[in-house]
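# Per-entry structural report
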Amino acid sequence: MPTPAAPPPAPVVDPVAPVLAWYDEHARELPWRAPDRTPWGVLVSEVMLQQTPVARVEPAWRAWLERWPTPADLAAAPTSDVLRAWDRLGYPRRALRLQECARVLVERHGGHVPDDEAALLTLPGIGAYTAAAVRAFAFGRRAVVLDTNVRRVLARAVDGVALPAPAQTVAEVARAAALVPADDATAARWAQASMELGALVCTARAPRCPQCPLASSCRWLAAGRPDDAHAHRRRAQPWAGTDRQVRGRVMALLRGAPEPVPAAALSDAWPDTAQRDRCVRSLVADGLVAELDTPDGPAYALPA
DNA sequence: GAGACGTGGCC
DNA sequence: TGGCCAAGTCT
């Protein structure tokens, strides 16, 4: 009897079919998934969803697409309007880049969102994740969509660990790519379904394993859901008193100001002069704030 | 590749 | 109560 020269690899149940079936039953109805969505709408949703929860994005997305339904509309808008519409979604540089992106689409892509990954990757604010997501969700094409949700699902189900490594590796992308179904439609659906599973069931905290379609094959669950081996690996996110918070305060003040704000009045945003000045300078350098010369001295406003 | 970059809700 | 987390990107 011939015997294998090497032990067979550990059996791993293919997660794709169970997750697709689960998604058929449990997918949320989100506006950027509606049949009448446009590639531009999908792109806007993906940028807004970068580090911002669905619940806060949904109303902002609806208002945004109502106001600027095409890239040309956003490209032509005053940046101050764009930043005010972004409101408190956070990371306002995303709004700036989204408008830059719209202008590139108008100037170089006929006002349309391209469907190939290389072209998408050249757009401002579009990185590896978003390029893949737009390709899959807007155009139904095959792409390796590897976001924090998918990374967590695969870390648990396949690797048997609580959380993925802090940094994404080439090997991890290759492993994820190997799981992506070959045909466009199924690949796009797998991307959506695996993300949804991570968002609704295989969550970072308090995962709902009894409701998981992978419960019978998940290595992490089988191992008794061991704790994260890299516990405390993440730096605590800075909060009180940081430049990040001060920048947010300044932006909030300027969003609410109908007229340019004199330099002295910026103290309402933050009392510490040195830190405030440093932050205002960085905001000007980032293009998020305009410095104007007035007869009474410098004043600040959202960029026109 | 580590660090910067907003905001708010949840357990 | 407050640390952790949310569909990342850029430098």
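The notes below deal with the structure included here. Everything numeric in this text was worked out from a predicted model, so none of it was measured.

### So, the environment of Val 284
Position of Val 284 relative to the elements: it lies in helix H14 (residues 273-285). It is 37 Å that separates the C-alpha atoms of Val 284 and Ala 143, two residues lying 141 residues apart in sequence. Excluding its chain neighbours within four sequence positions, the residues that come into contact with Val 284 are Val 289 and Tyr 300.

### Quick notes on the protein's contact with DNA strand B
Neighbouring DNA strand B are 16 residues; Arg 56, Pro 92, Arg 244, Arg 247 and Gly 248 lie closest to it. Each atom of DNA strand B within 4 Å of the protein was classed as base or backbone; sugar and phosphate made up 57%. With respect to DNA strand B, the side chain of Arg 88 contributes an N or O atom lying 3.1 Å from a phosphate oxygen. Arg 93 places a side-chain nitrogen or oxygen 2.9 Å from a sugar or linking oxygen of DNA strand B. Taken together, the residues of the surface near DNA strand B break down into 3 nonpolar, 4 polar and 9 charged.

### Observations regarding helix H2 (residues 39-48)
The element H2 is largely enclosed, with a buried count of 9 among its 10 residues. Considered for burial, the residues of H2 that qualify are Trp 40, Gly 41, Val 42, Leu 43, Val 44, Ser 45, Glu 46, Val 47 and Met 48. On its buried side, H2 packs onto helix H3 (54-67), helix H4 (71-75), helix H5 (79-86), helix H6 (93-108) and helix H8 (128-139).

### Let's talk about the packing of aromatic side chains
Scanning the model with the defined rule gives 3 aromatic pairs in all. Centroid distance Trp 32 to Trp 61: 5.8 Å. Interplanar angle 70°. Geometry classified as edge-to-face. Within this pair, whereas Trp 32 is found in the loop between helix H1 (16-26) and H2, its partner Trp 61 is found in helix H3, the two being separated by 29 residues in sequence. This pair shows no difference in class: Trp 32 is buried, exactly as Trp 61 is. Chaining the aromatic ring pairs together yields one cluster made of Trp 64, Trp 68 and Trp 86. Its guanidinium or amino end placed over the ring of Trp 220, Arg 156 lies 4.5 Å from that ring's centre, counting from NZ or CZ.

Reading the values: the criteria
Residues numbered from 1 in each chain as written. Chains lettered and ligands numbered in written order. Predicted model: local features only at pLDDT ≥ 70, side-chain atom pairs only at ≥ 80, totals over all residues. Heavy atoms only, no water. Helix = DSSP H or I, 4+ residues; strand = E, 2+ residues; numbered from the N terminus. Contact = heavy atoms within 4.5 Å. Near = heavy atom within 4 Å. Polar contact = N/O pair within 3.5 Å; in protein donor to acceptor, adjacent residues only side chain to side chain. Nonpolar A, V, L, I, M, F, W, Y, C, P; charged D, E, K, R; others polar. Buried < 20%, exposed > 50% of the residue type's maximum accessible area, 1.4 Å probe, protein only. Phe/Tyr/Trp six-rings, centres within 6.5 Å; stacked < 30°, edge-to-face > 60°. Lys NZ or Arg CZ within 6 Å of the ring centre and 35° of its normal.

Fair warning: the whole summary comes from geometry, so function is off the table for now.
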